[in-house]
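This is what each chain is made of:
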2 protein chains.
Amino acid sequence: MEEKAEPRWLGREETEIWFTFGTMVTSLPDALDAQLQRDAGISFFEYQVMSMLSMSPQHTRRMSELAALANGSLTRLSRTVDRLNKRGWIIRRPDPENGRYTLAVLTDAGWDKVVATAPAHVEEVRRAVFDPLTKAQLRQLRDISTRIGRTVHPDGCLPTLPEPDPAEVAVRDTRP
Amino acid sequence: MEEKAEPRWLGREETEIWFTFGTMVTSLPDALDAQLQRDAGISFFEYQVMSMLSMSPQHTRRMSELAALANGSLTRLSRTVDRLNKRGWIIRRPDPENGRYTLAVLTDAGWDKVVATAPAHVEEVRRAVFDPLTKAQLRQLRDISTRIGRTVHPDGCLPTLPEPDPAEVAVRDTRP
DNA sequence: GTGGTTGACTTGCCGTGTCAACTGTCTAGC
DNA sequence: GCTAGACAGTTGACACGGCAAGTCAACCAC
């Protein structure tokens, strides 16, 4: 008796789309990493972590929130914060409201680093993503990303961009 | 005097697009890796390498070609082939036509592994990428990926999907 | 043909990420 | 209260990828 249905193979057309898309998906992070490493000596993930903190109230976040915002595991964040802490850009503090949490806080030096790093990074993002696309394509990309993101993310809880801290609009668009 | 122009910051709209897109770009590879690791005990990159070989004439490719097709560095491929070789799925052979090249060849066991692994993987790709998008969105995604891919890839030489080996149409749509 | 150069890998070392096990903190149930 | 569990985070052991240096074949130039 039949146990499995015939797999729904990809056709030639679909294979091409998938190949092109897959190539882009793997190359883009490499390009962003390369730019940041070259110009600022930090990785994309490290930049994301500091950038997210720079947009957060008091430049502070709980570790677990921060991990979700930066799309990384808690372990990865813990190690990354170790490194950034050694470089003087982030400090840890226990959360006074609940001792189980740890707060990551961006130092002044960390803030300065983000401010110094952001322009070239944003420029690279524009060059790679925004400039080559039309306005219509950007809208399409948003919709497509939302749909794919939903299927990939468990229990429908996509991370959401934090509301910018009104006190710090200067770099509210730093995110990446 | 002015040394630098004011950076072209991202606006609120753009920041949102970039955040959504970035989240998708980082989560999707994780999801594919997770499925392959769980169901077949191999990484996405390892699968890509074997899949590309399975689509190549004689199930054979030069290392450098294979690295480009699978979007990885030569170092990464060399180490990956080491692992797959230890598992009995790939062997190395010097290229008789030019001793500088090394050929990677998929073994029969490697072929069987790809054939056994492909259906569940393709299903996951469909679930994550194809099913949630309309036909129009797929076309849009192809165009968008092509444009972004061009800006990100040096000297305009994007890797191209190999023509399938007519003798092996069975899994010609295995890619990803 | 032989000395130098280039091209195609391979490898030693190191940084980074993951999994699993562990520590410390809070919360429930009794 | 006090013990059991659930959370939040850290850490040790290991896997993996990158860089730079090393190997080995091929292609000159003379």
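Residues numbered from 1 in each chain as written. Chains lettered and ligands numbered in written order. Predicted model: local features only at pLDDT ≥ 70, side-chain atom pairs only at ≥ 80, totals over all residues. Heavy atoms only, no water.

Novice: Describe the packing of helix 2 (residues 44-54) of chain B against helix 4 (residues 74-86) of chain B, with residues and values.
Specialist: Residue and element names in this part refer to chain B. Close contact between helix 2 and helix 4 brings their axes to 11 Å; oriented N to C, the two are set at 85 degrees. Our classification of the angle between helix 2 and helix 4 gives roughly perpendicular. Residues Phe45, Glu46, Val49 and Met50 of helix 2 form the contact with helix 4, whose own contacting residues are Arg76, Leu77, Thr80, Arg83 and Leu84. (Axes fitted to C-alpha atoms, helices over the stretch in contact; angles between N-to-C directions. Helix = DSSP H or I, 4+ residues; strand = E, 2+ residues; numbered from the N terminus. Parallel < 35°, antiparallel > 145°, perpendicular 65-115°, else oblique. Contact = heavy atoms within 4.5 Å.)

Novice: Pulling in residues and values, what's your account of the interface of chain A and chain B?
Specialist: In this assembly, 69 residues from chain A lie in contact with 69 residues from chain B. Each partner contributes to the roughly 6800 Å² buried at the junction of chain A and chain B, and carbon and sulfur atoms together form 68% of this total. When the buried area of chain A at its contact with chain B is split by residue, Arg8(A), Trp18(A) and Phe19(A) rank highest and sum to 12% of it. Taken together, the links from chain A to chain B amount to two salt bridges. The salt bridge partner of Glu14(A) is Arg126(B), with a shortest N-O separation of 3.1 Å. Counting residues per element, the side of chain A that touches chain B draws most heavily on helix 1 (residues 12-40) of chain A, which supplies 19 residues. For the side of chain A that touches chain B, the class distribution of residues is 37 nonpolar, 17 polar and 15 charged. (Buried area = accessible area lost by both parts, 1.4 Å probe. Salt bridge = Lys/Arg side-chain N within 4 Å of Asp/Glu carboxyl O. Nonpolar A, V, L, I, M, F, W, Y, C, P; charged D, E, K, R; others polar.)

Novice: Provide a residue-level description of the nonpolar core, including the pertinent values.
Specialist: By size, the foremost hydrophobic cluster in this structure holds 94 residues, and its most contacted members are Trp18(A), Phe21(A), Trp18(B) and Phe21(B). Phe21(B) has contacts with Met24(A), Leu28(A), Val129(A), Leu141(A), Ser145(A) and Ile148(B), leaving out every residue within four places of it along the chain. (Core = buried A, V, L, I, M, F, W, Y, C linked by side-chain atoms within 4.5 Å. Buried < 20%, exposed > 50% of the residue type's maximum accessible area, 1.4 Å probe, protein only.)

Novice: Help me get a handle on the protein's contact with DNA strand D, residues and values and all.
Specialist: Surveying the vicinity of DNA strand D reveals 18 residues, the closest of which are Ser64(A), Arg79(A), Arg92(A), Ser73(B) and Arg79(B). Sugar and phosphate atoms constitute 66% of the interface atoms of DNA strand D, taking the interface as everything within 4 Å of the protein. Between DNA strand D and the protein, one listed contact pairs a phosphate oxygen with a side-chain N or O atom of Ser64(A) at 2.6 Å. One of the side-chain N or O atoms of Arg83(B) is found 3.2 Å from a phosphate oxygen in DNA strand D. (Near = heavy atom within 4 Å. Polar contact = N/O pair within 3.5 Å; in protein donor to acceptor, adjacent residues only side chain to side chain.)

Novice: Report on the protein's contact with DNA strand C, specifying residues and quantitative values.
Specialist: Around DNA strand C, the structure places 19 residues, and the nearest of them are Arg79(A), Gly99(A), Ser64(B), Arg79(B) and Arg92(B). Backbone atoms, meaning sugar and phosphate, form 65% of the atoms of DNA strand C found within 4 Å of the protein. In the model, a phosphate oxygen of DNA strand C is placed 2.2 Å from a nitrogen or oxygen of the Ser64(B) side chain. One nitrogen or oxygen atom from the main chain of Thr102(B) is found 2.8 Å from a phosphate oxygen belonging to DNA strand C. Of all the secondary-structure elements, those providing two or more residues to the surface near DNA strand C are helix 4 (74-86) of chain A together with helix 3 (63-69) and helix 4 of chain B. In terms of residue count, helix 4 of chain A provides more of the surface near DNA strand C than any other element does, five residues in total. Across the surface near DNA strand C, the residue classes break down as three nonpolar, nine polar and seven charged.

Any functional reading would require information that these geometric values do not contain.
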